[in-house]
Amino acid sequence: MKIVRVETFLIPPRWLFCRIETDEGVVGWGEPVVEGRAEVVRAAVEVLAEHLVGQDPLRIQDHWQVLSKGGFYRGGPVLSSAVAGLDQALWDIAGRTLGVPVHTLLGGPVRDTVRVYAWVGGDEPARLKEEITAQVEAGFTAVKMNAAGRTPPLTSPAETAAVVERVAAAREALGPHRDVAVDFHGRFSAANARRVLHEIAPLHPLFVEEPVLPDQAHLLAGLVAASPVPLATGERLYGRAEFLPALTAGIAVAQPDLSHAGGISEVTRIASLAETFGAHLAPHCPLGPIALAASLQVAFATPNFLIQEQSRGIHYNKDADLLSYVVDTEPFRFVDGQAHRTELPGLGITVDEDAVRAADRAGHSWRNPVWRHADGSFAEW
């Protein structure tokens with residue numbers, strides 16, 4: 001079996017899909033994207049495809065080595081994301097060729113269900129209670145919210161109190177038997193994070209995500225030592241080498257993204273590395289159906305898995321939703337906040353190719369906002 005074609009599709013609302021076709025008619029799908037830079041990743045996929053065409057798709061690990069390391073300059077979000085999507089598609093082909101789900105190829109399932117969480121805004125306490133109540137009624141047992149919007153280096157008493165108020169509103173809506181994760185989104189300085197972590201600790205967040213920017217891993221150890229709340233990071237880290245300092249610092253939760261951190265091949269290695277530090281895996285995934293399908297396959301086969309992000313109802317998905325490009329929505333039917341394992345081959349989903357090709361004709365040019373503080377200086381989004 002040989003690879004004969006690699007195609008990419010720019011899909012609203014902000015996604016990029018890739019399709020790998022073989023000469024035996026087996027097709028695999030992946031989701032290589034950097035949100036806001038999808039066109040750049042598309043070009044990277046086209047360059048990397050030069051290696052794949054004519055090759056045996058089942059040599060997944062060898063392809064990963066060449067795609068990731070074959071160029072003298074390597075790493076970074078664009079290359080790692082291009083590799084990630086291609087890697088997902090190769091695993092999809094392997095599973096379909098052998099008639100088994102990817103989690104079987106990863107050593108077999110270690111669980112029957114995967115706990116998932118829903119995203120809620122976090123901007124207004126009144127609206128937050130309404131959004132959380134809707135998610136609880138939908139069966140979810142955990143949500144994630146933003147701690148704040150534009151955040152100065154050191155918050156005022158009023159700004160700190162506003163963060164606490166929002167988390168308190170979430171805790172009230174959830175009660176004591178459900179969880180809230182709080183996303184600092186790299187918007188907080190280390191000093192500010194330390195202050196706010198102590199204020200929200202009595203509300204028992206499941207974890208706080210990205211307490212500082214990913215390029216400030218050298219500050220994580222101090223935050224971990226000072227924080228009564230478990231800390232998580234990883235959506236903007238792209239390989240084992242980048243996770244190692246964070247894990248050494250003592251983070252509780254590693255959050256690689258299956259569409260950014262080298263795909264299934266690398267994320268399984270990151271999970272194993274995290275396990276040696278007593279950390280758990282909670283893959284980042286505010287993306288489309290292929291990225292989520294790949295994440296779930298890893299989750300079913302990962303002993304130190306904690307919880308899975310998913311994008312149903314997320315605010316980005318205005319032009320299309322998680323279910324818009326799949327033929328069968330059953331794999332994404334969450335019961336009591338859980339995704340249930342199936343034995344469907346490959347990634348376990350069937351992409352609606354007609355819908356994908358039609359969407360690609362429209363395309364998209366999504367860009368993340370650029371924020372500024374009141375004085376006109378740049379603010380982290």
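These figures come from a predicted structure and were not determined experimentally.

About the cut-offs
Residues numbered from 1 in each chain as written. Predicted model: local features only at pLDDT ≥ 70, side-chain atom pairs only at ≥ 80, totals over all residues. Heavy atoms only, no water. 1 Å grid on protein atoms, 1.4 Å probe; cavity = no way out; pocket = protein on both sides within 12 Å on 5 of 7 lines; lining within 4 Å. Points joined across faces, edges and corners; volume = space filled by probe spheres on them. Helix = DSSP H or I, 4+ residues; strand = E, 2+ residues; numbered from the N terminus. Nonpolar A, V, L, I, M, F, W, Y, C, P; charged D, E, K, R; others polar. Core = buried A, V, L, I, M, F, W, Y, C linked by side-chain atoms within 4.5 Å. Buried < 20%, exposed > 50% of the residue type's maximum accessible area, 1.4 Å probe, protein only. Contact = heavy atoms within 4.5 Å. Axes fitted to C-alpha atoms, helices over the stretch in contact; angles between N-to-C directions. Parallel < 35°, antiparallel > 145°, perpendicular 65-115°, else oblique. Pairing = 2+ DSSP bridges. Salt bridge = Lys/Arg side-chain N within 4 Å of Asp/Glu carboxyl O.

**Section: the layout of surface pockets**
Part 1 of the reasoning: Looking at the largest pocket, its volume works out to about 1200 Å³.
Part 2 of the reasoning: Among the elements of the structure, α5 (125-137), β5 (142-146) and β14 (378-379) are those that each provide at least two residues to the lining of the largest pocket.
Part 3 of the reasoning: Of the residues belonging to the lining of the largest pocket, the class tally is 19 nonpolar, 11 polar and 17 charged.
Part 4 of the reasoning: Mapped by element, the contributors of at least two residues to the lining of the second largest pocket are α2 (60-69), α3 (76-98) and α9 (240-249).
Part 5 of the reasoning: For the lining of the second largest pocket, the leading source of residues is α3, giving four residues.
Part 6 of the reasoning: Grouping the constituent residues of the lining of the second largest pocket by class yields six nonpolar, six polar and five charged.

**Details of the nonpolar core**
Part 1 of the reasoning: Counting 105 residues, the largest nonpolar core has F17, F184 and F332 as its most contacted members.
Part 2 of the reasoning: Broken down by element, the residue count for this core peaks at nine residues, all from helix α11 (residues 289-301).
Part 3 of the reasoning: Residues in contact with F332, not counting those within four places in the same chain, are P289, L292, A293, L296, R312, L322, L323, V326 and I349.

**What about the environment of V53?**
Part 1 of the reasoning: Following the sequence through the fold, V53 ends up in the loop between α1 (38-52) and α2.
Part 2 of the reasoning: What makes V53 partly exposed here is its relative accessible area of 42%.
Part 3 of the reasoning: Between the C-alpha atom of V53 and that of I3, which follows or precedes it by 50 residues, the distance is 5.0 Å.
Part 4 of the reasoning: Aside from chain neighbours lying at most four places away, what touches V53 is I3, V4 and V6.

**Thoughts on the packing of α3 against helix α10 (residues 263-276)**
Part 1 of the reasoning: With their axes 6 Å apart at the nearest point, α3 and α10 run at an angle of 100° to one another. Here α10 runs roughly perpendicular to α3, going by the angle between their axes. Two secondary-structure elements touch here, α3 through A84, D87, Q88 and W91 and α10 through G263, I264 and S265.
Part 2 of the reasoning: Of the residues contributing to the contact of α3 with α10, the split by class is three nonpolar, three polar and one charged.

**Describing the pairing of β5**
Part 1 of the reasoning: In terms of residue burial, β5 counts as a mostly covered element, since five of its five residues are buried.
Part 2 of the reasoning: Residues A142, K144 and N146 line one face of β5 and the alternating positions V143 and M145 line the opposite face, and both faces are buried.
Part 3 of the reasoning: Relative to β5, strand β4 (residues 113-119) is paired through two bridges, and the arrangement is parallel. Its bridge partner lying in β5, W119 is registered against K144.

**Points about empty space enclosed by the protein**
Part 1 of the reasoning: Overall, the coordinates contain two cavities of 30 Å³ or more when judged by the stated rule.
Part 2 of the reasoning: Lining of the largest cavity is provided by A293, L296, Q297, F300, P331, F332, H340, R341, T342, L347, G348 and I349.
Part 3 of the reasoning: The element that contributes the greatest number of residues to the lining of the largest cavity is α11, accounting for four residues.
Part 4 of the reasoning: Each residue belonging to the lining of the largest cavity can be placed in one class, and the counts come to seven nonpolar, four polar and one charged.
Part 5 of the reasoning: The volume enclosed by the second largest cavity comes to roughly 60 Å³.

**A closer look at the pattern of salt bridges**
Part 1 of the reasoning: This model, assessed by the stated rule, comprises 22 salt bridges.
Part 2 of the reasoning: Here D62 makes a salt bridge to R59, at a shortest N to O gap of 3.6 Å.
Part 3 of the reasoning: Judged by relative accessible area, which is 48%, R59 ranks as partly exposed.
Part 4 of the reasoning: Among the ionic pairs, E353 bridges to R357, the shortest N-O distance being 3.0 Å. Within this pair, E353 and its partner R357 are both found in helix α12 (residues 353-362), separated by four residues, close to a single helical turn.
Part 5 of the reasoning: One network of salt bridges, in which partners are shared, links R5, E7, R19, E21, E353 and R357.

**Considering the sheet that holds strand β1 (residues 3-11)**
Sheets are built from strands paired through backbone hydrogen bonds, the pairs being either parallel or antiparallel.
Part 1 of the reasoning: The strand order across the open sheet formed by three strands is β1-β2-β3, and the pairing between neighbours is antiparallel. Unpaired on one side and paired on the other, β1 and β3 (27-30) mark the two borders of the sheet. Neighbour-to-neighbour, the strand axes of the sheet open up by a mean angle of 20°, direction not taken into account.
Part 2 of the reasoning: Note that strand β2 (residues 15-22) and β3 share four bridges and pair antiparallel. Of the residues in β3, the one forming a bridge with I20 is G28.
Part 3 of the reasoning: Seen against the sheet, α3 touches β1, β2 and β3 and runs at an angle of roughly 145° to β3.
Part 4 of the reasoning: Each of β1, β2 and β3 is contacted by α12, which is oriented at about 60° to β1, the strand it contacts most.

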